[in-house]
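Geometric and topological summary
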Amino acid sequence: MATATYPPPPPYYRLYKDYLQNPKSAPEPPPPIEGTYVCFGSNYTTDDVLPTLEEQGVRQLYPKGPNIDFKKELRSLNRELQLHILELADVLVERPSQYARRVEEISLIFKNLHHLLNSLRPHQARATLFHILELQIQRRKQVVEDIKRSRSSMMRTAITEYLS
């Protein structure tokens, strides 16, 4: 029985055999998936919505509503986390059998911190995109200036060569 090191290509490669002569001969790509789909046995959705902590079965430690002061709440949760970690160290020294409750409280704080940070992801993505676009504009302006300088330098050289 002979085996190949690499498997043969999938049969649909034949659909692209005339692509170099006629690029329109290739089939159109499939449309984007909308709604829910199954991947590796799990259901996923194309809607990019962050589920609330309540939907995840987690108690929310910061105020609800659209006008959340993220900086204040993150600092508050960070301080609370530090306090709980110190309390956990104290409990581990004095009453080691009671550590589980402290660990659950720390886990709850981490989940709230994580949710707050994930709420900021769209803003971060927008700010990153603006920054990238600004850098591209600066680079293009620099390239245009370099071309103008090179052009004027060549024109001066050509004029001096022509006049001499």
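Here we summarise the structure given alongside this text.

1. Overview of the environment of Lys-71
Relative to the helices and strands, Lys-71 is located in helix H1 (residues 70–94). Looking at Lys-71, the relative accessible area reads 56%, which means it is exposed. It is 9.8 Å that separates the C-alpha atoms of Lys-71 and Leu-116, two residues lying 45 residues apart in sequence.

2. With respect to the side chain of Arg-102
Tracing the chain through its elements places Arg-102 in helix H2 (residues 99–119). Take Arg-102: its relative accessible area is 16%, and that puts it in the buried class. Within the structure, Arg-102 has its side chain in polar contact with the side chain of Glu-87 (distance 3.1 Å). Each residue touching Arg-102, except ones within four places of it in the same chain, is listed here: Glu-87, Leu-88 and Val-91.

3. Topic: the layout of surface pockets
Where empty space is left becomes clear once a probe the size of a water molecule has been rolled over the atoms. Looking at the largest pocket, its volume works out to about 160 Å³. Lining the largest pocket are Asp-47, Asp-48, Val-49, Leu-50, Asn-118, Arg-121 and Pro-122. In terms of residue class, the lining of the largest pocket is built from three nonpolar, one polar and three charged.

Cut-offs and rules
- Residue positions are given per chain, counting from 1 as you read along its sequence in written order.
- Thresholds applied to this predicted model are a pLDDT of at least 70 for local features of residues and 80 or more for the giving and counting of side-chain atom pairs; totals over whole chains, interfaces and linings are not thresholded and use all residues.
- For side-chain calculations, the full set of non-hydrogen atoms in the structure is used, while hydrogens and water are omitted.
- To qualify as a helix, a DSSP run of H or I must reach at least 4 residues; to qualify as a strand, a run of E must reach at least 2; elements of each kind are numbered from the N terminus.
- For the exposure calls, accessible area comes from a 1.4 Å probe over protein chains only, and a residue counts as buried if that area is under 20% of its type's maximum, exposed if over 50%, partly exposed in between.
- Distance and chemistry together define a polar contact, namely a pair of N or O atoms within 3.5 Å, with one atom able to donate a hydrogen and the other to accept it when in protein, and with adjacent residues in sequence counting only for side-chain atoms on both sides.
- By the convention used here, residues are in contact when the closest approach between their heavy atoms is within 4.5 Å.
- Definitions used for this entry: grid spacing 1 Å over protein atoms alone; cavity, a set of points where a 1.4 Å probe fits but cannot get out; pocket, an open set with protein on both sides within 12 Å along at least 5 of 7 lines; lining residue, one with an atom within 4 Å of a point.
- Grid points are joined across faces, edges and corners, and a volume is the space filled by probe spheres set on the points.
- Throughout this entry, Asp, Glu, Lys and Arg are counted as charged residues, while Ala, Val, Leu, Ile, Met, Phe, Trp, Tyr, Cys and Pro are counted as nonpolar. The remaining residues, Gly among them, count as polar.

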